[in-house]
Amino acid sequence: MKILVIGKSGQLAQALANLSTVNVEIICLGREQIDILDKSSLLNTIKEQNIDAVINACAYTAVDLAEKEPEQAYKINTLAVKNLAEVCKELSLHFVHISTDFVFNGLKSSPYLPNDDINPLSVYGKTKAEAEQLLTEIIPNSSCIIRTSWVYSTYGNNFVKSMVRLMAEKPELGIISDQIGSPTYAKGLAQVSLTAALEKVSGIQHWTDAGVASWYDFAVAIQELAIEKGLLVKAIPIKPIKTISYPTPATRPSYSVLDKSSSILAFPNLPIIHWRKQLSSMLDELQNEKEETQS
Ligand SMILES: NC(=O)c1ccc[n+]([C@@H]2O[C@H](COP(=O)([O-])OP(=O)(O)OC[C@H]3O[C@@H](n4cnc5c(N)ncnc54)[C@H](OP(=O)(O)O)[C@@H]3O)[C@@H](O)[C@H]2O)c1
C-alpha cells in the first residue's frame, strides 16, 4: 500500500513519516511539492504518485491569527479540503481528513458525540466545520473525518514544548484552569489516521488520548514529569487562572472532551492510552533527542 500525506513539516505529518510500518509506503508532500489551492495541478500530482489513499495533515492552525486572517484560514482549511475531496472522488481514493474539537461551542457538560450539533466559536473552528460539511457532501462514503484536540509532539511548536521552555525561564506561570479537554500525542493520532486510510474507515470519528484535563492540570503534569526525567531541574509555582483574565483574539470552547465510543469499535486494534502515559512517552523522546544533540 502507498499512502500520500499532504503536509510535511507539521506535527502530524512528521509523526506519520516516522511511524514504523510493514508493507506500507508513506509519502509526505509539503508546500514545495504540491499546491493544494490549484485543483488541476493537485489532480496531476496525486495521479503521478500512484497511491491508494490520501491523509490531509495540512491546516492553518494559528487559531488566534486566523481571527485577523480569515481568508487565508478559509483557503487552507476549507477550499483546499474541497479540492482534495474532489480529486480523491475523481481518482476513487479514500480520503482521511483531520478536524478539531473547536467545531463545538463547549456548552455541553458531557463528552461530545460525533453527531452532536456543531457551533464553532472562532474563525479557525468555522473554517474546519465548513470543510467537514463539504466532505460529507462530496465523498460521504469514502472519507473519514477524525476530530482531535490539544495535539502535541516532539516536532514543531506546541503546548508541551512551550511549557518545558517557559518553566526553565520564568519564576512562575499562570495557566488556564477553566478550559477542559483531552491532550493528544501526535504519534497515536498518526497511527489512527494511517489505519483509517489503510482500512478505509469512513464517517466522523473522535480520537484523543484517554482522560480529561484542564490546561492547568496538563501544565502541572508536564512539570512533574519533566523534573522526573531530568528535562527541568526545579519546580516553579504554577497558578490556575481563569480564561477571562487571559483574553485571546479567538474564543475557545470551555469544554471540548470528545466521546470516543465509536472509534473504539472502528479501530479495535488501537488502544486509547491515558494522556499522562502518552505525555511521559513524549518527554522520554524529548530527553533522548536532547541527549543525542549534546553527545
Ligand atoms: N495542533 C492541535 O492542537 C490540533 C488540535 C485539533 C485538531 N488539529 C488538527 O490536526 C491536524 C494536524 O495538526 P498539526 O498540529 O500537525 O498542525 P501543524 O503542526 O500546524 O501543521 C500544519 C501543516 O499544514 C501546512 N500548511 C499550512 N498552510 C499550508 C499551505 N498553504 N500549503 C501547504 N501546507 C500548508 C504547514 O506547513 P508549513 O510548516 O510549511 O507551514 C504544516 O506542515 C490539522 O488538521 C489541525 O487542524 C490540531
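Details of the structure are given in the entry above.
To keep things clear, this report deals only with the structure shown in the data block. These numbers come from a predicted model, not from an experiment.

**Details of the packing of aromatic side chains**
So, step 1. Throughout the structure, instances matching the rule amount to eleven aromatic pairs.
So, step 2. Taken together, a centroid distance of 6.0 Å and an interplanar angle of 85 degrees make the contact between Phe102 and Tyr124 edge-to-face. Of the two residues, Phe102 is situated in the loop between strand S4 (94-100) and helix H4 (123-138) and Tyr124 in helix H4; the sequence distance between them amounts to 22 residues. Both residues of the pair, Phe102 and Tyr124, belong to the buried class.

**As for the pairing of strand S5 (residues 143-148)**
So, step 1. Within S5, six of the six residues are buried, which leaves the element mostly enclosed by the surrounding structure.
So, step 2. Burial of the side chains of S5 extends over both faces: Ser143, Ile145 and Arg147 are buried on one face and Cys144, Ile146 and Thr148 on the other.
So, step 3. Pairing of S4 with S5, which is carried by six bridges, proceeds in the parallel orientation. For Val96, the partnering residue across the bridge sits in S5 and is Cys144.
So, step 4. For the crossover that starts at S4, traverses H4 and ends in the parallel S5, the hand is right-handed.
So, step 5. Where S5 and strand S10 (residues 203-206) come together, four bridges link them in parallel fashion. If you follow Cys144 over to S10, its bridge partner there is Gly203.

**Comments concerning the nonpolar core**
Inside soluble globular proteins, nonpolar side chains tend to come together where they are buried.
So, step 1. Judged by nonpolar contacts, the single largest core of 34 residues is most densely connected at Leu4, Ile46, Val54 and Phe95.
So, step 2. Only strand S1 (2-6), strand S2 (25-29), helix H2 (39-49), helix H3 (70-91) and H4 provide two or more residues apiece to this core.
So, step 3. Listed in part, the 29 residues of the second largest apolar core include Ile3, Val5, Ala197 and Val201.

**Describing the site of the ligand**
So, step 1. Near the ligand there are 20 residues, and of these Ser9, Arg31, Thr61, Tyr124 and Lys128 occur at the shortest range.
So, step 2. Here Leu12 contributes a backbone N or O atom positioned 2.8 Å from an oxygen atom of the ligand.
So, step 3. A distance of 2.5 Å separates an oxygen atom of the ligand from a polar atom in the side chain of Thr61.
So, step 4. Protein burial of the ligand: of its 900 Å² of free accessible surface, 79% is covered by the chains.
So, step 5. At the level of secondary structure, the elements contributing two or more residues to the shell around the ligand comprise helix H1 (11-17), S4 and H4.
So, step 6. Ranked by the residues each element gives to the shell around the ligand, the list is headed by S4, at three residues.
So, step 7. Looking at side-chain class alone, the shell around the ligand contains ten nonpolar, eight polar and two charged residues.

What counts and how
Residues numbered from 1 in each chain as written. Predicted model: local features only at pLDDT ≥ 70, side-chain atom pairs only at ≥ 80, totals over all residues. Heavy atoms only, no water. Phe/Tyr/Trp six-rings, centres within 6.5 Å; stacked < 30°, edge-to-face > 60°. Helix = DSSP H or I, 4+ residues; strand = E, 2+ residues; numbered from the N terminus. Buried < 20%, exposed > 50% of the residue type's maximum accessible area, 1.4 Å probe, protein only. Pairing = 2+ DSSP bridges. Right-handed = clockwise from strand over helix to strand, strands pointing away. Core = buried A, V, L, I, M, F, W, Y, C linked by side-chain atoms within 4.5 Å. Near = heavy atom within 4 Å. Polar contact = N/O pair within 3.5 Å; in protein donor to acceptor, adjacent residues only side chain to side chain. Areas by Shrake-Rupley, 256 points an atom, 1.4 Å probe, with all protein chains shown as cover. Nonpolar A, V, L, I, M, F, W, Y, C, P; charged D, E, K, R; others polar.

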